[in-house]
Amino acid sequence: MNKKQLHHLVPSYNKNLFRQDFIAGLTLFVMLIPQGMAYAMLAGVPPEMGLYASTIPLIIYAIFGSSKHLSVGPVAVSSLLVFTGVSVFAEPGSAEYISYVLILAVMVGFIQLLLGLFRAGFIVKFIPHSVLSGYTSAVAIVIGISQIEHILGINLGNYLQVQVILLELFNRLSDVHFTTVAIGLASILLLFIFKKIHPRIPGPLLIVLLSIGAVSVLGLEDTGIQIVGDVPGGFPSLVFPNLTLDNVQLLFPMALTIALIGFMESLAIAKAVASKEKYTVKPNKELKALGLANIAGSFFQSFPVNGSFSRTAVNHETGGATQFTSVITACGVLVTLLFFTSYFYYLPNAVLASIIIMAVYKLIDTKQMKYLFKVKPFEGWVWVFTFFVTLFVGIQWGIILGAVFTLLLLVRRSAKPNVVEVGYLEEEQAFRAVNRFPGAKTVKNVLLIRIDSNIHFANINYLEEEIKSLHLEKPEAKWIMMEMSGVNDIDTVAARSLEEIVERFQRKGISFWFANVKGQVRDTINKTGWEKHLEEQVSYLPLDQLLKEKGINDFSKLAKSPKHDAYDDYMI
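The rules behind these values
- Within each chain, residue numbers correspond to sequence positions counted from 1 in written order.
- Totals for whole chains, interfaces and linings use all residues, but because this is a predicted model, local features are given only for residues with pLDDT of at least 70 and pairs of side-chain atoms are given and counted only at 80 or more.
- Values reported for side chains reflect all heavy atoms of the structure, with hydrogen atoms and water molecules removed beforehand.
- Where helices and strands are cited, they refer to DSSP runs of H or I of at least four residues and of E of at least two residues respectively, numbered from the N terminus.
- The globule rule used for comparison is 2.2 Å times the number of residues to the exponent 0.38, while the radius of gyration itself is calculated over C-alpha atoms.
- Accessible area is worked out with a 1.4 Å probe on protein chains only. A residue is then buried under 20% of its type maximum, exposed over 50%, and partly exposed in between.
- Any two residues whose heavy atoms approach within 4.5 Å at even a single point are treated as in contact.
- Per-residue and other accessible areas follow the Shrake-Rupley method at a 1.4 Å probe size, with only the shown protein chains counted as cover for residues.
- The convention is simple: Lys and Arg are positive, Asp and Glu are negative, and His and the chain ends are not counted.
- Taken as the charge centre is NZ of Lys, CZ of Arg, CG of Asp or CD of Glu, depending on the residue.
- Polar contacts here mean pairs of N or O atoms no more than 3.5 Å apart (in protein, one a potential hydrogen donor and the other a potential acceptor; neighbouring residues in sequence count only if both atoms are side-chain atoms).
- Any two of the Phe, Tyr and Trp rings considered here, Trp counted by its six-membered ring, make a pair once their centres fall within 6.5 Å; the pair's planes then place it as stacked at under 30 degrees, edge-to-face at over 60, or tilted in between.
- In this scheme, the term charge over a ring applies when either NZ of a lysine or CZ of an arginine sits within 6 Å of the ring centre and within 35 degrees of the ring normal.
- Pairing between two strands requires that DSSP report at least two bridges joining them.
- To get an axis, fit a line to the C-alpha atoms, keeping to the stretch in contact for a helix; angles then go from 0 to 180 degrees between the N-to-C directions.
- Patch membership requires more than 30% relative accessible area and the absence of a salt bridge. Residues of like charge join within 9 Å; the nonpolar side chains Val, Leu, Ile, Met, Phe, Trp and Tyr join within 5 Å.
- Throughout this description, the term salt bridge denotes a Lys or Arg side-chain nitrogen within 4 Å of a carboxyl oxygen of Asp or Glu.
- Put simply, angles under 35 degrees are roughly parallel, angles over 145 are roughly antiparallel, angles from 65 to 115 are roughly perpendicular, and the rest are oblique.
- By convention the crossing between two helices is left-handed if the near helix lies anticlockwise of the far one by an angle smaller than a right angle, and right-handed if it lies clockwise.
- When residue character is reported, Ala, Val, Leu, Ile, Met, Phe, Trp, Tyr, Cys and Pro are called nonpolar, Asp, Glu, Lys and Arg charged, and the others, Gly included, polar.
- As used here, the term nonpolar core means buried Ala, Val, Leu, Ile, Met, Phe, Trp, Tyr and Cys residues forming a set that is joined through side-chain atoms within 4.5 Å.
- By this rule, a helix spans an expected 1.5 Å times one less than how many residues it contains.

(A) Layout of the overall build of the protein chain. Secondary structure assignment for the protein chain yields 26 helices and seven strands. Scaling as 2.2 N^0.38, a compact globule of 572 residues should have a C-alpha radius of gyration of about 25 Å, whereas the protein chain reaches 32 Å, well beyond that. Considering only C-alpha atoms, the protein chain reaches an extent of 100 × 60 × 50 Å along its principal axes. A buried classification covers 54% of the 572 residues belonging to the protein chain. Counted over contacts in the protein chain with a minimum sequence separation of 6, partners at least 24 positions apart contribute 79%. Here the protein chain has roughly 26200 Å² of accessible surface; of this, 61% comes from carbon and sulfur atoms. Taking the average location of the 47 positive side-chain charges in the protein chain and that of its 43 negative ones, the two points are 8 Å from each other.

(B) Summary view of the side chain of serine 539. By secondary structure assignment, the location of serine 539 is in the loop between helix 23 (530-533) and helix 24 (543-549). Looking at serine 539, its side chain comes within polar contact range of the main-chain nitrogen of leucine 541, at 3.0 Å.

(C) Summary view of the packing of aromatic side chains. Throughout the structure, instances matching the rule amount to 18 aromatic pairs. The interplanar angle of 50° and the centroid separation of 6.2 Å between the aromatic rings of phenylalanine 18 and phenylalanine 324 together place this pair among those described as tilted. Remark: phenylalanine 324 occurs in helix 15 (residues 324-339) and phenylalanine 18 occurs in helix 2 (residues 15-43); sequence separation between them is 306 residues. A residue is classified by how much of its surface remains accessible, and phenylalanine 324, at 22% relative accessible area, is partly exposed. Their ring planes at 15° and their centres at 4.1 Å tell us that phenylalanine 385 and phenylalanine 405 sit as a pair that is stacked. Remark: phenylalanine 405 occurs in helix 19 (residues 395-415) and phenylalanine 385 occurs in helix 18 (residues 377-392); sequence separation between them is 20 residues. By relative accessible area, phenylalanine 385 is classed as partly exposed at 29%. Here a set of aromatic residues connected by ring pairs shows up, and it is made of Trp383, Phe387, Phe388 and Phe392. The positively charged end of arginine 413 is found above the aromatic ring belonging to phenylalanine 378, 4.7 Å away from the centroid.

(D) Structural view of the pairing of strand 3 (residues 419-425). Of all seven residues making up strand 3, seven are buried, and the element is well covered by its neighbours. Two strands pair when backbone bridges link them, and strand 3 and strand 5 (residues 446-451) are joined in this way by three bridges, in the antiparallel orientation. Looking at the pairing, valine 419 lines up with isoleucine 451 of strand 5. With antiparallel pairing between neighbouring strands as the criterion, strand 3 and strand 4 (residues 430-433) make up a hairpin whose turn holds four residues, including glutamine 429 at a positive phi of roughly 50°.

(E) Representation of the sheet that holds strand 6 (residues 479-483) in the model. With mixed pairing, five strands are arranged side by side in an open sheet as 4-3-5-6-7. Each edge of the open sheet carries a strand with a single partner, namely strand 4 and strand 7 (511-515). In this sheet, adjacent strand axes meet at a mean angle of 35° when their direction is disregarded.

(F) View of a nonpolar patch on the surface. A cluster of nonpolar side chains, contributed by Leu189, Leu190, Phe192, Ile193, Ile197, Leu206, Leu209 and Leu210, occupies part of the molecular surface with about 720 Å² of accessible area. Residue assignment for the nonpolar patch shows that the elements contributing at least two residues are helix 10 (178-197) and helix 11 (203-218). Top contributing element to the nonpolar patch by residue count: helix 10, with five residues. Secondary-structure assignment places leucine 209 in helix 11.

(G) Quick look at the packing of helix 2 against helix 15. In the contact formed by helix 2 and helix 15, the axes pass within 7 Å of each other and the chain directions differ by 45°. Judged by the inter-axis angle, helix 2 sits oblique to helix 15. Judged by the twist between their axes, the crossing of helix 2 over helix 15 is right-handed. Where helix 2 abuts helix 15, its residues Phe18, Asp21, Phe22, Ala24, Gly25, Leu26, Leu28, Phe29, Leu32 and Ile33 lie against Phe324, Thr325, Ile328, Thr329, Gly332, Val333 and Thr336. Of the residues that constitute the contact of helix 2 with helix 15, the class distribution is 11 nonpolar, five polar and one charged.

(H) Expanded view of the nonpolar core. Judged by nonpolar contacts, the single largest core of 125 residues is most densely connected at Leu104 and Leu347. Per element, the largest residue contribution to this core is 14 residues, and it comes from helix 12 (residues 245-277). If we skip the residues at most four places from it in the chain, leucine 104 touches Val82, Val86, Leu251, Met254, Ala255, Ile258 and Pro304. In terms of nonpolar packing, the next biggest core, distinct from the first, is built from 30 residues, Leu447, Met484, Val502 and Ile510 among them.

(I) The side chain of threonine 55, seen in detail. If you trace the backbone, threonine 55 turns up in the loop between helix 3 (47-52) and helix 4 (56-64). Assessed through its relative accessible area of 0%, threonine 55 is described here as buried. The residues contacting threonine 55, other than those within four sequence positions of it, are Pro236, Ala330, Val333, Leu334 and Leu337.

(J) Structural detail: unusual backbone geometry. Residues other than glycine seldom take positive phi values, yet arginine 119 does so here, at roughly 55°. By the secondary structure assignment, arginine 119 is in the loop between helix 6 (95-117) and helix 7 (129-146). For arginine 119, a relative accessible area of 59% translates into the label exposed. Residue glutamine 301 is not a glycine yet carries a positive backbone phi of 60°. Owing to a relative accessible area of 17%, glutamine 301 belongs among the buried residues under this scheme.

(K) Geometry of helix 18. An ideal rise of 1.5 Å per residue puts 22 Å on 16 residues; helix 18 measures up with 22 Å between its terminal C-alpha atoms. Those residues of helix 18 that fall on the buried side of the exposure criterion are Phe378, Gly380, Val382, Trp383, Val384, Thr386, Phe387, Val389, Thr390 and Leu391. Contact partners of the buried residues in helix 18: helix 7, helix 9 (162-171), helix 17 (366-375) and helix 19. Of the residues trailing helix 18, glycine 394 is marked for its positive phi of about 150°.

(L) Local environment of the packing of helix 4 against helix 15. Where helix 4 contacts helix 15, the two axes come as close as 8 Å, and the packing angle between them is 165°. By the angle between their axes, helix 4 is roughly antiparallel relative to helix 15. Note on packing geometry: the crossing formed by helix 4 with helix 15 is left-handed. Of helix 15, the residues touching helix 4 (which contributes Leu58, Ile59 and Ala62) are Ser326, Val327, Thr329 and Ala330. By residue class, the composition of the contact of helix 4 with helix 15 is five nonpolar, two polar and no charged.

(M) Fine view of the pattern of salt bridges. Scanning the entire structure with this criterion turns up seven salt bridges. The partner of glutamate 168 in a salt bridge is arginine 172, with the nearest N and O atoms 2.8 Å apart. Look at glutamate 168 and you get buried, because its relative accessible area is 17%. The salt bridge involving arginine 432 is made with glutamate 428; its shortest N-O contact spans 2.9 Å. Assessed through its relative accessible area of 28%, arginine 432 is described here as partly exposed. One continuous salt-bridge network, built from bridges that share partners, spans Glu464, Lys468 and Arg504.

As structure tokens, then:
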């Protein structure tokens, strides 16, 4: 560790900062022990791997990350993605399965590290928030339903489509183990009560301790409830993931998905806290830090990790000041691995499932969906589409198909640009769309049109039809002038088609002019031959100035004209 990295980890460190970090670190440790084991179960790996994932990766991120508060470690969404990506190739919990998980972790790390080195942090901007919100909400439901089997004490198989899980559940209701159900429901109820009493009460740890005590004292393991069993202790041994070309090709799609989703989740929560504390989080540095954490973790039997929403919030609320909190948390987990793993033998799986359910239900964000429909229905439908694809098709398809659906909607929207007739609004002395400003004045023999979009091959036919439609509503118009300030680009197909449109109107004796044409648009249309035939029809002047130049109108007089008929007098 060089001086710069040390200074990042402990900038101007003092006893006060250490006290804050120590309290926050112990609090996170208390949260992370049960969560780490629960998320390991969700990922389909032994519970000790959840503890391994809570040690080395935390220390590596603390050294290289740019956030002072982000709590890295096992999280629900990434754990479920691990299960989704690997369970199709190997039996969860088997040696082959664990080998694939470690390969997946190192691949996720390398992808994130390479993206960071190539300064590709900007790529997150290409996945809309509506897609991420819909995806996260659906995944939270999938995670919750997938844990029902542990609450009911039955085996539902390795399914992740909600409808399949529910059908399987219906078929196996007769196998429900009622002692397990009682433990699971009691755990959920107690977690809810502890949360209501005070958010800082370490409910998960208390539930773990109470359930272990109850099972061991009452001998409930003999009744058939599923327990964790032996948890190997000691420092995680060094392993080398079996990276081969076949394995890389097999796991790359899921590795890319986990790398991007993990980074986006981490960046979102890190930025939220950083904005409150008035410091900057650097996306590319975050990518490199997460990448190194996952790479290093894979060599110590860790599955993929990223930033946790709940633990980061707790870290901030309890006064954590620097990433030294993560070091303290990791040290606490290491002490547990060395001396206390035997105490988890009687821990019921139903308790871990209840911890997962209570942790993820807050990710279901229907308020965001309602907000999107209220503000921008386009984004609301993207949310809904992504949500249902993730829920019923599969979580590995949610973001991909959500992004594709967004792209298709954008293409559809761009194929039907906003084309409106404009008129002169006297009180503002400006041109406004007549459909929004009924008071905007128009005249019979002049048609003023505004297009609010770039013009390209996909929308030129629609533009032509809109121009024809507007002219049919005003057939006596002998002048058509198109306001082009909203057009930043035009392609060659559209330029030639637009030239043909102009010429067809000219053959009917109708003059066609273009106002406010930007330089880059003029460059393109001139290269396609406009300057030879239509040079006089194109102007960079604003609409009002071009009208004056053509002798069509004197707007200084128009602005004083109180009647529509007087306005007609100024028009040719």
